[in-house]
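Examination of the molecular architecture
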Amino acid sequence: MTLTQKVLAHHARGLTRPWVQAGDIVRLRVDWTIASELAWNGMDRTYSALGRPPLHDPGRFFLAVDHTVDPVALANDPKARALAQRSRDFAREARVRHFHDANETILHTRFYRELVQPGQVVIGADSHTTSHGGLGAFAIGLGGADVTAAMVLGETWLEVPEAIAVEYSGTPAFGIGGKDIILHTLERLGRNTSALERTVEFRGEAVRGFSTDTRFTLANMTAELGGLNGIFEADAVTLAWLAGRKSEKDAALCFRADEGAPYVERHRLELDRLSPRVAKPFSPDNVRSVEEAAGLPLHGCFIGACTTTEEELVLAALVLEAAFRERAPRPAVRERLVVPGDLAIIERMRQGGLWAHYERAGFRIGPPGCSMCLGVASERARPGEVWLSSQNRNYENRMGQGSLAWLASAATVAASSVDMRITDPRPWLERIDRERYARLLFRDRTPRVPEVAVREPEVEGTFIPPAVASAPPGGVPAGSEVEGTFIPPAMLTEASGPVPAGSRSAVEGTFVPLTQAASGPVPAGASSAAEGAFIPPTQVAASGPAPAAPRSVVEGTFVPRHPASEAVSSMGPLAVDGTGADGREASVRASHGGTVIRAQVQRFGDHVDTDAIIPGEFCHLTDSAALGARCFAHVRPDFAARAREGRTVIVAGEGWGTGSSREQAVWALQGAGIRAVIAKSFAFIHRRNLVNEAVPHLVLTDPDFHALVQEGDTVEVDPGTATVTLVSSGRRFAAAPVSPLVHALQSEGGLVPAVRRLGRNVFEVLPA
C-alpha cells in the first residue's frame, strides 16, 4: 500500500479485506474537523438543516476566525462582524474547545503547529487543509456539508485515490525553500494534470532535510497541483517538532509506503541548481525563474497567508536587514504589507528583534489573518495593480477585482520590495548568518526526540470461521461471528520478538482470537471473541515460534464488522422526515427519477476556478438566488441572464471547479438555474459539493463531443444512463458511470436529506 492507503486502512470501517486500494469506497473514522468563519457561515445552514445535533466530539472540531477579518473590516464591515459573531455563537452553543477568535491565528497555522499528529485523518472546510500532510496526516479539504456531517457523525466516505510520487533529490541552496520547491513542482507537473484527484506523496532523499515548515508549504500547495492530498512520511524531523509541543504529541502513527507501492506515476525533481521561482498571473503553474522576471515594476508587495510559514517570515526579515544595512529607513505605506500567521509567531519574532527590519523597510505589520490572499477584507489590491505576493493563488481577481497577482517566496517578495521591482534575493541571502537564522527559529534547542517507531495499520472487521458458517446440527450456530482486528505481520509480537517485516497481509490466512483456548473448538453459541490478529499464511510458516500466548487457530474469511443488513440506528434530531430545509428535495429526486434534461449550453474552457464561479466577496451569502445573481460576476457578467434564456447546461474542459472548497460555488450555479454540468474532469472538492447538492454532473472526455458542441447548442442530458445527446445531429455520447454511493446520495436528494433520513449509519447503509 501507499502511505495514504495505510492511513486510510487504519481508519476504515467495515472493510472486506485487510487493506485498501485505489477505487475502493470506504467509510472513514475522522480524527479532526476544521473550519474558518467564512466556511462556518455555510456550514451553519447545513447544521440547522440537520437539527443542530450534538457534535461527535466537541474537542476535535477546530474553528478559527481568519478569512474575512482585519481590524478595519471588523470596525466598518457589518458582514465581517456578522460572520465572526456567528462562529462565536456556535462555539459557545456546542462548547467547542478549540475556538480562536479574530486575528489570533490563521486556521492552518495554529492547527499544524499545535494539534495535528502523523497518521490522523483531518477533514477541513478549506482547500488548503492539505497543509497538514506535512506532518504525515491524511488531510483533505471538502465542502461545508461534508465537514458538517463528519463533525456530527465522526466519519465520512471516500473513494481511495490513485497516488503519484514526487521524488526530490539534491540539496537546495540556502534560502531556496518550500515556496520555490512547490512552484518548481507546479512548473514541471502543471496544474490539474498528473495530480488531479490523486494523492501526492512527497518522497526522495532530499525530503529528509526539509523542515516541517518546508513540508507544510509543499503540502499546502498540493491544492494548486489539483491533488486530493499531499503527504510526507513522519520521521525524526517530524517527531522533533512534536517533542517541542506541550501536548498533542504522543499519538503519532508513523506509517511507511510499501516497497513497490502502486504509484501510477513517479516524478523526479533535482533541487541542487534550483533558483528562486515566480508565478505569473493567472495560474500558479505559470512559473518562471526570478532571472526571467527581474525588473518587472510592482505596485505592491505582500508577505503573508497560510502558506507563508515562520521560516519564510524570518528569512524575509533577514533579507530586509541585509538590504537596509546601508539604506535609510522609510515610512510604512499601503503598498507594503506583512501579515504573520499566528500570535505565537509574532511573539517569537519579537524576541528576535525581527519586526524592526520590516518597519525599517517600510512595511506595515498586520495582525494574523488571511488578509490580501482572499481579497475580501479591507486589504485589497486595486484594479490594474501588479502585486508580488507570498500567498498560494494568483487567479484572476484573487487579490481584488482587476488585480494582477504574481507569486513568489517571502524572501523574493522582501528583496523585490526594496526597489518595488521583481528582484533576485540571492545576493542578500548570501549575507545571512545561517547559525543566527537557526537560532531565530529556535532550532538550536534540540529536544529529546523519541525513536521513530514505524508501524502498520490495524484494520477492524468481523471474522466468520468456516466452523461457524457451516456448523452441523447441534454444533456451533450458523451465523455466529468472531470479531477481531487484523494486525499486519510487523505488529505481531511473538515469544522470540517481533515478526520480521517484509510480507504483506493477504485475504486468506489465520485468525487468532485472543480468548480462544488452545485445545478446544470454537465454543457453541460464541457470537464474538476479543480482538485478535490476522496472520498471513506466509508469516505463519516463516516467522518462527508461535505467538507468546496460547491461542487457537481458526481459518476463514474476513467480512465487514457492520453488514449493511443491520438496522439503521437513530440519531435523535437527525431521524426526521426527508424534506430538506429549503424544500428542494422533491424536485431533485424527480430529476433523478428518469427525467432527461433538455437545455441549451454555456461553454467554458479548462481550469475554471471557484473564485471565478462565485468571487470571494460574495461568499458571506447563503441564499441560492442571491448567489446565483452574482455567479461569474467578474468574468462572465451575463451568465445568469444566459441561464434565464435557457442556457442551463454547462459544458467545460479539464479541472472544472478547481481552487477553493467554497460550496457557495454550487449554490450559485443552482441559484442561476443551472441544471447539469458536463466536463472533461472535475476538481475533487467541487465535485463532492455537486454530489452533496444532487446537481447532475457528468465526466465526458470524448474529444468529438467537445469539438462539436458550441455555445447555445441544445443538448439532452440523461443522468440515469450517463449519456448526452447533441440534438442538432442526434449523436449520443457516453459519460463515465458514477459509483453506487454517489448515485445513492444523489437519489436521496443530496447529503443532508440522506443523513436526515438514515441517521448516523448513513454511510454504512448506502451502497459502496
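Attention in this report is confined to the structure presented alongside it.

The rules behind each value
- Residues numbered from 1 in each chain as written.
- Predicted model: local features only at pLDDT ≥ 70, side-chain atom pairs only at ≥ 80, totals over all residues.
- Heavy atoms only, no water.
- Helix = DSSP H or I, 4+ residues; strand = E, 2+ residues; numbered from the N terminus.
- Buried < 20%, exposed > 50% of the residue type's maximum accessible area, 1.4 Å probe, protein only.
- Areas by Shrake-Rupley, 256 points an atom, 1.4 Å probe, with all protein chains shown as cover.
- Salt bridge = Lys/Arg side-chain N within 4 Å of Asp/Glu carboxyl O.
- Polar contact = N/O pair within 3.5 Å; in protein donor to acceptor, adjacent residues only side chain to side chain.
- Contact = heavy atoms within 4.5 Å.
- Pairing = 2+ DSSP bridges.
- Axes fitted to C-alpha atoms, helices over the stretch in contact; angles between N-to-C directions.
- Phe/Tyr/Trp six-rings, centres within 6.5 Å; stacked < 30°, edge-to-face > 60°.
- Lys NZ or Arg CZ within 6 Å of the ring centre and 35° of its normal.
- Right-handed = clockwise from strand over helix to strand, strands pointing away.
- Core = buried A, V, L, I, M, F, W, Y, C linked by side-chain atoms within 4.5 Å.

A few points about the overall build of the protein chain
The helix and strand inventory of the protein chain stands at 29 helices and 33 strands. Buried positions account for 61% of the 768 residues belonging to the protein chain. When the accessible surface of the protein chain is totalled, it reaches about 27,600 Å², and 50% of it is carbon and sulfur.

Considerations on the pattern of salt bridges
When their charged atoms lie close together, side chains carrying opposite charge are able to pair. According to the stated counting rule, one finds 42 salt bridges in the structure shown. A salt bridge links glutamate 167 to arginine 266, with the shortest nitrogen-to-oxygen separation between them at 2.5 Å. Pair noted here: glutamate 167 is in strand S9 (residues 163-169) and arginine 266 is in strand S12 (residues 263-270), with a separation of 99 residues, a long-range link. On the basis of relative accessibility, which here comes to 37%, the residue arginine 266 falls in the partly exposed class. Close ionic contact of arginine 731 with aspartate 704 constitutes a salt bridge, the shortest N to O distance being 2.9 Å. One end of the pair, arginine 731, is in strand S33 (residues 731-734); the other, aspartate 704, is in helix H26 (residues 703-708), and 27 residues separate them in sequence. A residue is classified by how much of its surface remains accessible, and arginine 731, at 37% relative accessible area, is partly exposed.

Notes on the side chain of threonine 723
By the element assignment, threonine 723 lies in strand S32 (residues 723-726). Within polar-contact distance, the side chain of threonine 723 engages the side chain of threonine 721 at 2.8 Å. Among all residues touching threonine 723, those that are not within four sequence positions of it are Leu698, Glu716, Val717, Asp718, Arg732, Phe733 and Ala734.

A few points about the environment of leucine 313
Here leucine 313 lies in helix H12 (residues 310-323). Along the sequence, leucine 313 and glycine 341 sit 28 residues apart, while their C-alpha atoms lie 9.4 Å from each other. If sequence neighbours within four positions are ignored, leucine 313 has contacts with Ile303, Thr308, Val338, Pro340, Gly341, Ile345, Met349 and Tyr358.

Description of the sheet that holds strand S4 (residues 61-64)
With parallel pairing, 5 strands are arranged side by side in an open sheet as S5-S4-S3-S6-S7. Lying at the two open borders of the sheet, with one neighbouring strand each, are strand S5 (98-100) and strand S7 (138-141). When strand polarity is set aside, the average angle formed by the axes of neighbouring strands in this sheet is 15 degrees. Across 4 bridges, strand S3 (residues 32-36) lies against S4 in parallel orientation. Bridge assignment links alanine 35 to a residue of S4, and that residue is leucine 63. Sheet strands touched by helix H2 (residues 37-49): S3 and S4. Its angle to S3, the strand with the most contacts, is close to 105 degrees. The sheet contacts of helix H5 (residues 107-114) involve S3, S4, S5 and strand S6 (121-124), and relative to S3 the element is tilted by about 150 degrees.

Re H5
Among the 8 residues of H5, 7 are classified as buried, and the element is accordingly described as predominantly covered. Of the positions making up H5, those classed as buried are Leu107, His108, Thr109, Arg110, Phe111, Tyr112 and Arg113.

Re the pairing of S33
Inspection of the sheet shows S32 paired to S33 by 4 bridges, in the antiparallel sense. Within the sheet, the bridge partner assigned to threonine 723 lies in S33 and is alanine 734. The loop that links S32 with its antiparallel partner S33 comprises 4 residues; one of these, glycine 730, has a positive phi angle of about 75 degrees.

Some remarks on the packing of aromatic side chains
Applying the stated criterion across every chain, the model contains 20 aromatic pairs. Measuring from ring centre to ring centre gives 4.7 Å for phenylalanine 604 and phenylalanine 632, while their planes differ by 25 degrees; the resulting arrangement is stacked. One end of the pair, phenylalanine 604, is in the loop between strand S27 (597-603) and helix H21 (610-613); the other, phenylalanine 632, is in the loop between helix H22 (624-628) and helix H23 (639-644), with 28 residues separating them in the sequence. Both residues of the pair, phenylalanine 604 and phenylalanine 632, count as buried. Each ring, one from phenylalanine 705 and one from phenylalanine 733, has its centre 5.2 Å from the other, and the planes form 65 degrees; the classification is edge-to-face. Placement of phenylalanine 705 in helix H26 and of phenylalanine 733 in strand S33 is noted, with a sequence separation of 28 residues between them. Relative accessible area serves as the criterion here: at 0%, phenylalanine 705 is assigned to the buried category. On the basis of relative accessible area, phenylalanine 733 is assigned to the buried category, the value being 2%. Grouping aromatic residues by their ring pairs yields a cluster made of Trp40, Tyr47, Phe61 and Phe90. It is arginine 636 that lies over the ring of phenylalanine 604; its NZ or CZ is 3.8 Å from the centre. It is arginine 688 that lies over the ring of tryptophan 157; its NZ or CZ is 3.9 Å from the centre.

Some remarks on the pairing of strand S10 (residues 199-203)
A large share of S10 lies buried, amounting to 4 of its 5 residues. The sheet contact formed by S9 and S10 spans 5 bridges and is parallel. Its bridge partner being in S10, isoleucine 164 is matched across the sheet by valine 200. As for the winding sense of the linkage, the β-α-β connection from S9 through helix H7 (residues 178-189) to S10 is right-handed. Taken together, the 3 bridges between S10 and strand S11 (residues 229-231) define a ladder with parallel strand orientation. By the bridge assignment, threonine 199 is partnered in S11 with asparagine 229.

Re the nonpolar core
Grouped together as the largest cluster of nonpolar side chains are 48 residues, with contacts concentrated most on Phe61, Phe90 and Leu158. Apart from the residues lying within four places of it in its own chain, the contact partners of phenylalanine 90 are Trp40, Tyr47, Arg52, Leu55, Phe61, Leu63, Arg95, Val96 and Met151. One finds Val314, Trp355, Phe363 and Leu440 within the second-largest nonpolar core, a separate group that totals 43 residues.

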